Amino acid sequence: MLGQNQSVMIALALVCALASVGCGPGDRATPMLRGGRLDPPTLAADFTLTDHNGKPFTLSSTRGKVTLLYFGYTSCPDVCPLTLADMAGALQDLGADAQAAQIVFITLDPERDSRQTLQKYVTAFDATNIGLHGTSNEIKQVADAYGVKYKKTPLANSALGYAVDHSAFIYVIDRRGQLRELLPFGTSRQSIASDLKFLINEGDSS
Amino acid sequence: MKYTLTFSAIVAAVTILASACGGAIAPTLPTNPPTQGLTISDVWARASAAKPDSSMNMPASDGMNMPKPNSAVYMKINGGGVADKLVQAESAVAAAVELHTVEMKDGVMQMRQVEGGIDVPAHATLELKPGGFHVMLIGLEQELKPGETFKVKLTFEKAGVKEVVAEIRSLQQ
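Residues numbered from 1 in each chain as written. Chains lettered and ligands numbered in written order. Predicted model: local features only at pLDDT ≥ 70, side-chain atom pairs only at ≥ 80, totals over all residues.

## Description of the overall build of chain B
Line of reasoning, step 1. If you tally the helices and strands in chain B, you get two helices and ten strands.
Line of reasoning, step 2. Shown N-terminal to C-terminal, the secondary structure of chain B runs as helices and strands in the order α-β-α-β-β-β-β-β-β-β-β-β.
Line of reasoning, step 3. Per-residue burial for chain B yields a buried fraction of 32% across its 173 residues.
Line of reasoning, step 4. Taking all contacts inside chain B whose residues are at least 6 apart in sequence as the whole, residues at least 24 apart take part in 79%. (Helix = DSSP H or I, 4+ residues; strand = E, 2+ residues; numbered from the N terminus. Buried ≥ 20, exposed ≤ 12 C-beta atoms within 10 Å, placed from the backbone. Contact = placed C-beta atoms within 7 Å.)

The following block contains the structure:
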C-alpha cells in the first residue's frame, strides 16, 4: 500500500487534474500527458481482488500493458457509463495498439454489484474489460490506497435506495506498473486515446 | 511532521479551484422568440449495459436474482416566453423514472434526486447532459438497443404534458 508520501502526491495530481481540465483555456505547454501527472511517477499500489469471472486478480498482472483504473458502481446511470464509454472508445481508436491497454473497473458498491452484474456491465462497454469486486473491507483498502473518497448516501424518495458518492478520476498506470497521471471526469475520449498511445509507445524503449 | 501539505489543505485547494471554474450546467443562449412556447430537442438515452454473454457459465438462479440495469435520458429544453419547471418524467421502459442531478463536491461526484423539479428559464436552453441533470431510468424493463427509440412523457408546471421520443445511442458514444 502507499505511504503518506505517495498519498500526498496522488492528492497533488488530483489538484492538477482538476485545474488543467476544469479551468482551462490554456496556453499550457503541451505536455505529452493531459491529466494531473505524478512526477516522478510512483509504483501503483498493488492489490488482489476478485474478477468478474470469480478468479483472483492482481493489479501487477497487467504489467506490460497501460492500465486505466476506475472506481464506480453499476447502478450509476450517468458518470460511470460516460467514463467507461470514453475509455472503451479510446481503446477502439487505438486499433491494434488496444491490445497493450487494459481497462479495470472496481466496484465501490460490493453489496449490489455481484460478480454477474459486474460481468454484464463492464463487458458491455468492451469485451476485454475487467470488473473487480471484493468484500467491503477489501474494496476500502484499495480505495484508500488510491485516495478514492466514497460514501453510501441514502436517497430518501428514490427507487434507487442509495447512491454512492465517489471520486471520479481515471488512474493511468504505465507498462512498468507506475502510476503516471489522474484524469478528471470529463476527459475526452480523444485525450484518453492520445495519452494511451504515448504511454504504449514509450514502453517500447524500456 | 515531514509532509506539510495536509489533506484538508488539498481539499480546500480543490474546492477553490472548483468554485473558480463555475458550474457546468448553467443555462445558455436564448433560442426561442418571446412568444413561442417551450420546445424539446435532441432527446437521447444511453443503451442498457446488459449484453447477454453465453460464454459465461451463469447458473439460471444467478441471472434471475440480478438487479435490472439503469440508464438515463438527456435532452435540450428550450425555454419559452416564461420560466417553467420540469416536475415529472414517465416512461414504460423502466420500473421507476426520476429526475436526478450530479454535483461535484471536493472532487467527488454526488448523484441526487432533484426535489421540486428542474427550473427551465425563459428564453434559454437548459441542457440535460451527462454529468448534470438527467432523467434517470431505474430498473429497465426492457433492453435499450442502439438505434431504437422509446417514449418519454414529461410534465411541466406550466407547459403541461409533452411526449417526446428518445433515441437510443450505443454505450461507446
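## Here we look at helix α3 (residues 115-125) of chain A
In an α-helix, one full turn covers 3.6 residues, which means residues spaced three or four apart are oriented alike.
Line of reasoning, step 1. Burial within α3(A) is extensive, with eight of its eleven residues counted as buried.
Line of reasoning, step 2. Those residues of α3(A) not exposed but buried are A:Thr117, A:Leu118, A:Gln119, A:Lys120, A:Tyr121, A:Val122, A:Ala124 and A:Phe125.

## Some thoughts on the pairing of strand β10 (residues 178-183) of chain A
All names here are of chain A.
Line of reasoning, step 1. Burial of β10 is extensive: five of the six residues sit out of reach of the surface.
Line of reasoning, step 2. As paired strands, strand β1 (residues 36-43) and β10 are joined by four bridges and run antiparallel to one another. In the sheet register, Arg37 faces β10, and the bridge partner there is Glu181.
Line of reasoning, step 3. Sheet analysis places strand β9 (residues 170-173) next to β10, joined by four bridges and oriented antiparallel. Residue pairing in the sheet places Ile170 in a bridge with Leu183 of β10.
Line of reasoning, step 4. In this antiparallel pair of consecutive strands, β9 and β10, the connection spans four residues, and Gly177 shows a positive phi of 85°. (Pairing = 2+ DSSP bridges.)

## Let's talk about helix α2 (residues 79-94) of chain A
Residue and element names in this part refer to chain A.
Line of reasoning, step 1. For α2, spanning 16 residues, the distance from its first C-alpha to its last is 23 Å, which sits close to the expected 22 Å at 1.5 Å a residue.
Line of reasoning, step 2. Summarising burial for α2: 13 of the 16 residues are buried, a large majority.
Line of reasoning, step 3. In the stretch just after α2, Gly95 is the one whose phi turns positive, near 65°. (Expected span 1.5 Å × (residues − 1).)

## Concerning the nonpolar core
Line of reasoning, step 1. In terms of nonpolar packing, the biggest core is built from 103 residues, with A:Leu68, A:Met87, A:Tyr171, B:Val73, B:Val135 and B:Leu137 touching the most fellow members.
Line of reasoning, step 2. Beyond its immediate sequence surroundings of up to four residues, B:Val135 is in contact with B:Ala72, B:Val73, B:Ala89, B:Val97, B:Leu99, B:Leu128 and B:Val152. (Core = buried A, V, L, I, M, F, W, Y, C linked by C-beta atoms within 7 Å.)

## Observations concerning the pairing of strand β5 (residues 101-107) of chain A
Residue and element names in this part refer to chain A.
Line of reasoning, step 1. Counting buried residues along β5, seven of its seven residues qualify, which places the element largely inside the surrounding structure.
Line of reasoning, step 2. In β5, alternate side chains face the same way, and those of Ala101, Ile103, Phe105 and Thr107 on one face and Gln102, Val104 and Ile106 on the other are all buried.
Line of reasoning, step 3. Of the pairings in the sheet, the one linking strand β4 (residues 66-72) to β5 comprises seven bridges and is parallel in character. What sits directly across from Tyr70, in β5, is Phe105.
Line of reasoning, step 4. As a crossover connection, the stretch from β4 through α2 into β5 is right-handed.
Line of reasoning, step 5. Here β5 pairs with strand β6 (residues 130-133) via three bridges, running parallel. Bridged to Phe105 within β6 is Gly131. (Right-handed = clockwise from strand over helix to strand, strands pointing away.)

## Focus on the confidence of the model for chain B
Line of reasoning, step 1. On average, chain B scores 78 in pLDDT, and the residues at 70 or more come to 69%.
Line of reasoning, step 2. For residues 51-64 of chain B, every residue scores under 50 in pLDDT, and the model assigns this stretch eleven contacts once sequence neighbours within four places are set aside. (pLDDT = per-residue confidence, 0-100.)

## Some remarks on unusual backbone geometry
Line of reasoning, step 1. The omega torsion of the bond from A:Asp39 to A:Pro40 falls at 0°, within 30 degrees of zero and hence cis.
Line of reasoning, step 2. Of note, the phi angle at B:Asp42 is positive, near 50°, even though the residue is not glycine.
Line of reasoning, step 3. Given 16 C-beta atoms within 10 Å, B:Asp42 falls into the partly exposed group.

## Quick notes on the sheet that holds β9(A)
All names here are of chain A.
Line of reasoning, step 1. An order of β1-β10-β9-β4-β5-β6-β2-β3 is seen for the eight strands of this open sheet, with the pairing classed as mixed. With one partner strand each, in any of the chains shown, β1 and β3 (56-58) form the two edges of the open sheet. On average, each strand axis in the sheet is tilted by 35° relative to the strand beside it, whichever way the strands run.
Line of reasoning, step 2. Across the sheet, helix α5 (residues 189-202) is in contact with β4, β5, β9 and β10; its angle to β4 comes to roughly 140°. (Axes fitted to C-alpha atoms, helices over the stretch in contact; angles between N-to-C directions.)

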